Each structure stands twice: as C-alpha cells, then as structure tokens.
Amino acid sequence: MVVPQEPESIEETGLAETTLEHLILKILYFRGDIYGQDLSAAIGLKFSVIQDLVESLKFRHHVQVKKSLGMGNIGALLALTEAGRARARESLEANQYAGPAPVPLAQYCDLVRRQRPREGWVTKESLAKAFRGMVVTERVISQVGPAVSSANSLLLHGKPGDGKTFLIESLNNLESAPIFLPYALECQGNIVQVYDPIYHQRIEEEAPSVLAVSLERSYDRRWAKCKRPFLITGGELTIDMLDLRYNATSKVYEAPFQLKANNGIYLIDDFGRQRATPAEVLNRWIVPMERRVDYLSFLTGGKMTVPFETFLVFSTNLNPADLGDEAFLRRIQYKMLLRGPTESEFIRIFESFCAVRRLPCPRDLISGFVEKHYHRTGRKFRRCHPRDVLTHALNLIQFEKLPLTLTGEVLDRAFESCFLDEHEDETPQEAQLMPMVVSSCSDYWSDRAAAIPTAFGTLAWLASFRATGEYLDPESARLYGETETGRVLERLHSRAFNDWLDLSAEQQARDIAHYLAAPDSRLNLLQPSLAESLAPLGCDEEDKLLFAHDFSTMLEAAVPKPQPEALPGEPPVERPEPIERIA
C-alpha cells in the first residue's frame, strides 16, 4: 500500500505560507475557540509545522490565547481577536474553504499513479469470490477479469434485465488495499474539493486526543484513507458534470466524477439515455482513455492536467453501433455482450432467491412454471425475472395472509403482475365477485347499536342475534361473511353486557324504565330464563350469576307483577305505580 508521508515542514507541504495562514484564520473563524492540538487535526498537519505561523499570528494580534493546559501552544485555547476576525473575513473573500490543508496538484498526480493497481492484481479466484451470491458462468468471469485487472475501459452491452449493472456493482466486493485521496487540491490558487462522503467510503481510525502530543501519525492527514471508489451515474449525467464545477458562494470548485473515481471504478449506466447525447459523452472520453490524462478548466480560463486512472465502464441495453463510430469503439479496450441466462442458470437463480428468502421451492414447481410461461409462450429468460416474480409472490402471500409456501397459482398470479398483458382483447374469465362493502363489519354493527338509546335495549338487541353457540344474521353474513359477523357481534355483545353490569341498581332501574317506555320495546321481562338468554357467549359463570341476581332484584323493585283478578263482589286489586314513576 502506497502511503503519503507526513510533511515535517511547510516546504514539504508544497503550499505557500500565506495559504496556510489564511486557512488557520478561517478555521478559527468558523469553529471559534479551539485548542492547538484540535487546530492541528483540523488542518491535517503536525502542530510543529504550523507552530511558527501561530506564533506569527499571535505576534500580530490576530490570535490570542485564552487559557493553556501548560504544554505550549499545542495545549493552548486559541481564539481570534477583532483584528484577526477582520483578517479572516478578508480571507473568506478569496474562498470559504476551511477544511484540511489542500494537496498541491503535483503531489496528487504522483500518488495517484503510484496507487494504480499492479498488473495481475485480480485473479480468477478473487473475482469469483467477489461474485459470491451471483449465478455466473466461467466464461463471464474470464471475460470480465482481464478488463478489471488491466483497469482499462469496458463496454458492457446486452438486453435489459440481464444483470449488467449488478455484475459491475459486484466488483466493489473485490478485496484490495485501501487508497488515499486528498480532501482538496490546490492549483493556480484555486481550491478543488475531491473527497465526497457520498461516493467515498472512508476507513475510520482513532483520532488523537488533545493530550496525545507524542502520538505518531502513520500518514499525511491531508489525505483520506478510503476503499477504492465506486461511482455510478445514469440518465442524470450531463457534460458539465464531467468538468470542474464552480460554487459561486463558497468560491470553491467541485471535482468531476472521473476525478473522484481515480484509482477506482466509474460506471456510466444506461449509456445512451443521458441528457447529453451519446456523441457528446463519447467525444469527452476519447483523449482521457487513450492518454490516461484529463484536462479540466477553471472559470478564469486556466487548465489543470490530472491523471485519468479510473476503470471506466459503459453499460447499455442499446445497440453499440448506434452509440458511437468505429474510432471511439476502438478506444474502448474491452467489449462484452452479456447474454441472457440458459434454462439451467435461470432455475439456479430462482432456487438461490428462494433460499435467501427461505421459501420452500420444489424443483417440479419451477419446471412447471418454466414450461408454462417460457417454453409455451417463447418468452426469453432474463436474470431479473426470478427476483421480480418471487418478490411479487411474497407480496401477494403477505397481503392475502396465505401460508408461506409457493404454489402454482401464486406463481401464475405473480407472473401476471410482472409483465404487460399481451392478450388485452381476449374475453375475460369469470371470477368471484367481492361484496360491495361501504363500511367495515365493525362500523356496520357499531353504528346500529349506537342508535339504541338505552343500555338494556342495546344488550337485548345484540342478544337477539345469538343462536346456539354462534351469532347469526343473514344480511351481515352476505356482506361480510359469517365468521366476521360472529366475531363482531360477540365482541359488541360482551361489551354491552359489561356496560350493564357496571351500572348501579338505581341506574339499571332507570334504564329499564326508559326501555319499557319506548313504543317498540317488545321484550317480555318476566319470561323464564331471561337472564341466561341475555348473557353473551363465553361469559364466565360468576358474571352470569351476578347478572341474574342483579336483574331479578331490579325486576322485583321496578316491574309490576301480574295480580289475580278480583272475585265478584270483592273490591278491585290495587295496581302498583307505573314504571316511569319508579324511575
């Protein structure tokens, strides 16, 4: 692994003293009070390198020491003075970059070329390991391997859904030594940001503490230690993205994609579908691919020559002859047609996906699926089909609460949802109609129960749907099914029963009175075993006994009992007061 050596002096950084001085002021301006050791970490240089600059800033009253840990400036809490803040604002007029010190272009070019993978770094075994989990043939590995090993350009073409993008993305699994890329470059007084946390995966290391003055650092901290970059752009790519982009607010340039992908892989996916024409994109790459250098332009008209050490891959499902002329195609060193899978590959992919999702998958079921939907119809195999069909099948199983098992019917329905119907004009087959449900079964019964003004009336009404061991209502069963109807009625009946038990004796008597006063009250309160018929299914015996006792006590006090008729010549029998008065 090539490692950038940490500079021991300002001269070894390759930067001017004024560049570092302005950077120190901007870091203090944005971060506020900061210890000397933290300033060293922020600028990416040993404190011994910037110590004289800090002393100079103190001498000119641009920087002050607020307190110290007793270890010199490295342990001092540094802050800007008013004069220092004014000086920092002047520095911000040039640019607002306040990160690790930039790397001179010459040092960057040298390290990029030294980090280029050695010849033969990819072997058949290492490539097969990177493709683990994929179903690939030895021919595919033999075609891809030399292109990756040489880091030359590759044109990968084939039909949609045959795994071109997935194949190239799997190259990111290749085991390789980490690389170093700068946080920023300095060229002609301009700052170009290279490190991008979106595309670069940094290898984290323990940061030195404030007190770790003597800790040896293994490399120049102006560089980020990362995995080899892997960048993908698709249809969003435009020509201006392949050159330096100037931010008018920060006055800093952003590196183009190919610069960020140096010493790594840059995949231009769906080539031919970009916002820029294929000719524009192809012409942009002719010189870099042939000479391994790229030329970038500053806003001022200056040029920057940088190495082009990225493995450039074009992936397309269009005809390559329609994308560029022979001169350009000749400069792409490797061309590869990724053909569709054979039947054995297709079945292997199907079985692999089932294994990953833990779906039982009998071989005869797959064979029948292939025969029905591919052999009979002449449909071509595609590597994405097993994933798409099985994903739809799982979604269907979860939606309809089916057993987690593949069946022919489930696969057929999943297949239909994956592809356009080629027989739109055929007469549709008869299918079971779903009931027209406006509201849920629970809402249907809850709304009807809420219309009853008395608690006893609600209880009696719900109890009227109870048959021997179940709840029945033909209309509800037609709309929602017998099972759902029974479940909802049992729940509402139990709730109404418990609500009645929670009433006091006085409240129960008053409720009965209101119930009897209603013109449509038809329940005979004196019929035998009435308390038993009002209890819901599954009711505890203790609750039944409590209900029967309370109910009989309430009836004795609230409901008049039938009196015998008076005999001829005897005075008439006195009747009790109406129930409304008792209430």
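No experiment lies behind these values; they were computed from the predicted model shown.

1. Quick word on the overall build of the protein
Per the secondary structure count, the protein includes 24 helices and 19 strands. Considering the protein as a whole, with its 583 residues, one finds that 44% of them fall into the buried category. Pairs at least 24 residues apart make up 73% of the contacts formed inside the protein by residues separated by at least 6 positions. Surface exposure of the protein reaches about 31,700 Å², of which carbon and sulfur atoms provide 51%.

2. Describing the layout of surface pockets
Quantified by volume, the second largest pocket comes out at close to 590 Å³. For the second largest pocket, the lining is made up of 26 residues, of which Gly163, Phe166, Ile349, Arg383 and Cys384 are closest to its centre. For the lining of the second largest pocket, the secondary structure elements donating two or more residues are α9 (164–169), β16 (311–316) and α13 (343–356). Here the lining of the second largest pocket is built from residues that sort into twelve nonpolar, eight polar and six charged.

3. Side note on the sheet that holds β16
One key point about sheets: their strands pair by backbone hydrogen bonds, in either a parallel or an antiparallel sense. If you walk across this open sheet you meet the five strands as β10-β13-β16-β5-β17, and the pairing is parallel. One side of each edge strand has no neighbouring strand; the edge strands of this open sheet are β10 (230–233) and β17 (334–337). For this sheet the average axis-to-axis angle between neighbouring strands, irrespective of direction, equals 15 degrees. Running over the sheet, helix α8 (residues 138–150) touches β5 (154–157), β16 and β17 and is turned about 155 degrees from β17.

4. Concerning the environment of cysteine 109
The topology assignment puts cysteine 109 in helix α6 (residues 105–114). On the accessibility criterion, cysteine 109 (13% relative accessible area) is buried. Cysteine 109 sits 197 residues away from valine 306 along the chain, and the two C-alpha atoms are 6.5 Å apart.

5. Section: the side chain of histidine 62
One can find histidine 62 in the loop between α4 (47–59) and β2 (63–68). Non-local contacts of histidine 62, meaning those with residues more than four positions away in its chain, are made with Leu25, Leu57, Ala79, Leu80, Thr81, Ala83, Gly84 and Arg87.

6. A look at the sheet that holds strand β8 (residues 190–193)
Read across the open sheet, the five strands follow the order β4-β7-β8-β12-β11; overall the sheet is mixed. With partners counted over all chains shown, the strands left at the sheet margins are β4 (103–104) and β11 (245–247), one partner each. Pairing geometry for β4 and strand β7 (residues 184–187), over two bridges, is parallel. Note that in β7 the partner of valine 103 across the bridge is leucine 185.

7. Quick word on the environment of glutamine 64
Secondary-structure assignment places glutamine 64 in strand β2. As for glutamine 64 and alanine 79, which are separated by 15 residues in sequence, their C-alpha atoms are 5.4 Å apart. Those residues within four positions of glutamine 64 in sequence are excluded, and the remaining contacts are Leu77, Leu78, Ala79, Leu80 and Thr81.

8. What about the state of the cysteines?
Scanning all chains against the criterion turns up zero disulfides. Counting only cysteine sulfurs, cysteine 109 is the nearest neighbor of cysteine 187, a cysteine outside any disulfide, at a range of 8.6 Å. By relative accessible area, which is 9% here, cysteine 187 ends up buried.

9. As for the nonpolar core
Core analysis: the biggest nonpolar cluster contains 57 residues, and Ile43 and Met304 have the highest contact counts within it. Apart from the residues lying within four places of it in its own chain, the contact partners of methionine 304 are Leu105, Cys187, Val192, Leu244, Asp294, Tyr295, Leu296 and Phe298. Core analysis: the next-biggest nonpolar cluster, separate from the first, contains 30 residues, Leu479, Tyr480, Tyr515 and Ala531 among them.

10. So, the packing of helix α15 (residues 385–399) against helix α16 (residues 408–418)
Remark: α15 packs on α16, axes separated minimally by 8 Å, with the N-to-C direction vectors making an angle of 115 degrees. When the axes of α15 and α16 are compared, the crossing they make is right-handed. From α15, Asp388, Val389, Leu390, His392, Ala393, Leu396 and Ile397 reach across to α16, where they touch Val410, Leu411, Arg413, Ala414, Phe415, Ser417 and Cys418. Split by residue class, the contact of α15 with α16 holds ten nonpolar, two polar and two charged.

11. Overview of the side chain of aspartate 269
Position of aspartate 269 relative to the elements: it lies in the loop between β13 (265–268) and α11 (278–291). Put simply, aspartate 269 is tucked away with no salt bridge, and the nearest opposite charge, on lysine 164, sits 6.9 Å away. Here aspartate 269 is in contact with Thr165, Ile232, Thr233, Gly234, Gln274 and Ser315, once residues within four sequence places are set aside.

12. Quick notes on a negative patch on the surface
Where like charges cluster on the molecular surface, the negative patch consists of Glu11, Glu12, Glu17 and Asp52. By the element assignment, aspartate 52 lies in helix α4. Owing to a relative accessible area of 61%, aspartate 52 belongs among the exposed residues under this scheme.

13. Observations concerning α8
Two residues of an α-helix separated by three or four positions point the same way, owing to the 3.6 residues in each turn. End to end, α8 covers 19 Å across 13 residues, agreeing with the expected 18 Å (1.5 Å per residue, within 8%). Looking only at α8, the buried set comprises Val140, Ile141, Val144, Gly145, Ala147, Val148 and Ser149. Residues of α8 that are buried in the fold lie against α7 (124–130), β5, α9, β16 and β17. Alanine 151, located one to two residues past α8, shows a positive phi value of around 60 degrees.

14. Comments concerning the confidence of the model for the protein
Looking at the protein as a whole, its pLDDT mean stands at 86, while 88% of the residues score no less than 70. In the model of the protein, helix α24 (residues 579–582) stands out as the element of lowest mean pLDDT, 34, in contrast to β4, which has the highest, 97. Taken as a whole, residues 575–583 scores under 50 in pLDDT and shows 13 contacts with residues more than four places along the chain or in a different chain.

15. Quick look at the pattern of salt bridges
One pass over the structure, following the stated rule, counts 27 salt bridges. Residue arginine 116 pairs with glutamate 309 through a salt bridge whose shortest N-O separation is 3.3 Å. Here the residue arginine 116 occupies a position in the loop between α6 and α7, and glutamate 309 occupies one in the loop between β15 (303–307) and β16, the gap between them amounting to 193 residues. Salt-bridge contacts for aspartate 162 lead to arginine 382; the nearest nitrogen and oxygen are separated by 3.5 Å. Of this pair, aspartate 162 sits in the loop between β5 and α9 while arginine 382 is found in the loop between α14 (363–375) and α15, placing the two residues 220 residues apart along the sequence. Of the two residues examined, aspartate 162 and arginine 382, each falls in the buried class.

Criteria and thresholds
- Residues numbered from 1 in each chain as written.
- Predicted model: local features only at pLDDT ≥ 70, side-chain atom pairs only at ≥ 80, totals over all residues.
- Heavy atoms only, no water.
- Helix = DSSP H or I, 4+ residues; strand = E, 2+ residues; numbered from the N terminus.
- Buried < 20%, exposed > 50% of the residue type's maximum accessible area, 1.4 Å probe, protein only.
- Contact = heavy atoms within 4.5 Å.
- Areas by Shrake-Rupley, 256 points an atom, 1.4 Å probe, with all protein chains shown as cover.
- 1 Å grid on protein atoms, 1.4 Å probe; cavity = no way out; pocket = protein on both sides within 12 Å on 5 of 7 lines; lining within 4 Å.
- Points joined across faces, edges and corners; volume = space filled by probe spheres on them.
- Nonpolar A, V, L, I, M, F, W, Y, C, P; charged D, E, K, R; others polar.
- Pairing = 2+ DSSP bridges.
- Axes fitted to C-alpha atoms, helices over the stretch in contact; angles between N-to-C directions.
- Disulfide = S-S within 2.5 Å.
- Core = buried A, V, L, I, M, F, W, Y, C linked by side-chain atoms within 4.5 Å.
- Left-handed = near helix turned anticlockwise from the far one by under 90°.
- Lys, Arg positive; Asp, Glu negative; His and termini not counted.
- Salt bridge = Lys/Arg side-chain N within 4 Å of Asp/Glu carboxyl O.
- Patch = residues over 30% accessible without salt bridge, like charges linked within 9 Å, V, L, I, M, F, W, Y side chains within 5 Å.
- Charge placed at Lys NZ, Arg CZ, Asp CG, Glu CD.
- Expected span 1.5 Å × (residues − 1).
- pLDDT = per-residue confidence, 0-100.

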